[in-house]
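A look at the structure
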Amino acid sequence: MTSLIYSSIFFNIQNTPSLLDACLPSFVLYGVPQGSVLGPILFVLYVADVLQLVKYHGLMPHAYADDTRIFGICCPSESEALHNRVSDCLNAVGSC
């Protein structure tokens, strides 16, 4: 059973349409195959880390489905500091 799971995750082959409307088998090198039970689980794990990272930078995340927004509140005189926090947060998210 373990070898079946391993092979279906790491050696997944999917048919991909080409310009000639023929489906040719090709290896899936990145991501999660469509219809896999791993897709939602891995997405939730990734988003949970992103939300914690946003909070760590003193910002407020708002997430709905696959859309995440980052909010910050400040006085006009502190706008540059907020800009720096948002930039640092985005750089940290980009390196995840």
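It should be noted that the structure appears before, not after, this text.
Cut-offs applied
Residues numbered from 1 in each chain as written. Predicted model: local features only at pLDDT ≥ 70, side-chain atom pairs only at ≥ 80, totals over all residues. Heavy atoms only, no water. Helix = DSSP H or I, 4+ residues; strand = E, 2+ residues; numbered from the N terminus. Buried < 20%, exposed > 50% of the residue type's maximum accessible area, 1.4 Å probe, protein only. Contact = heavy atoms within 4.5 Å. Areas by Shrake-Rupley, 256 points an atom, 1.4 Å probe, with all protein chains shown as cover. Expected span 1.5 Å × (residues − 1). Core = buried A, V, L, I, M, F, W, Y, C linked by side-chain atoms within 4.5 Å. Arc of directions from axis to C-beta.

Helix and strand counts for the chain stand at three helices and four strands. Beginning at the N terminus, the succession of helices and strands in the chain can be written as α-β-β-α-β-β-α. The 96 residues of the chain split such that 12% are buried. Counted over contacts in the chain with a minimum sequence separation of 6, partners at least 24 positions apart contribute 25%. Put simply, the chain shows about 7,900 Å² of open surface, and 64% of that area lies on carbon and sulfur atoms.

Moving on, we get to helix α2 (residues 38-56). Three or four residues apart is the spacing at which side chains of an α-helix point the same way, because the helix has 3.6 residues per turn. When the terminal C-alpha atoms of α2 are compared, their 27 Å separation across 19 residues agrees well with the 27 Å that a helix rising 1.5 Å per residue should span. On its buried face, α2 sits against β3 (60-64), β4 (67-71) and α3 (79-94). Following α2 by one or two positions, Gly-58 has its phi on the positive side, about 75 degrees.

Glancing now at the nonpolar core. Residues Val-50, Leu-53, Val-54, Leu-59, Leu-82, Cys-89, Ala-92 and Val-93 constitute the largest nonpolar core, which totals eight residues. Breaking this core down by element, the ones donating at least two residues are α2 and α3. Not counting chain neighbours up to four residues away, the residues in contact with Leu-59 comprise Val-54, Ile-70, Phe-71, Gly-72, Leu-82, Arg-85, Val-86 and Cys-89.

Moving on to α3. Given a rise of 1.5 Å per residue, 16 residues ought to cover 22 Å, and the 22 Å separating the end C-alpha atoms of α3 matches this to within 8%. For α3, the set of buried residues is Leu-82, Cys-89, Ala-92 and Val-93. Projection of α3 onto a plane perpendicular to its axis shows the buried side chains occupying an angular sector of 100 degrees, all on one side. For α3, the exposed residues set more than 90 degrees away from the buried face come down to Glu-80, His-83, Asn-91 and Gly-94.

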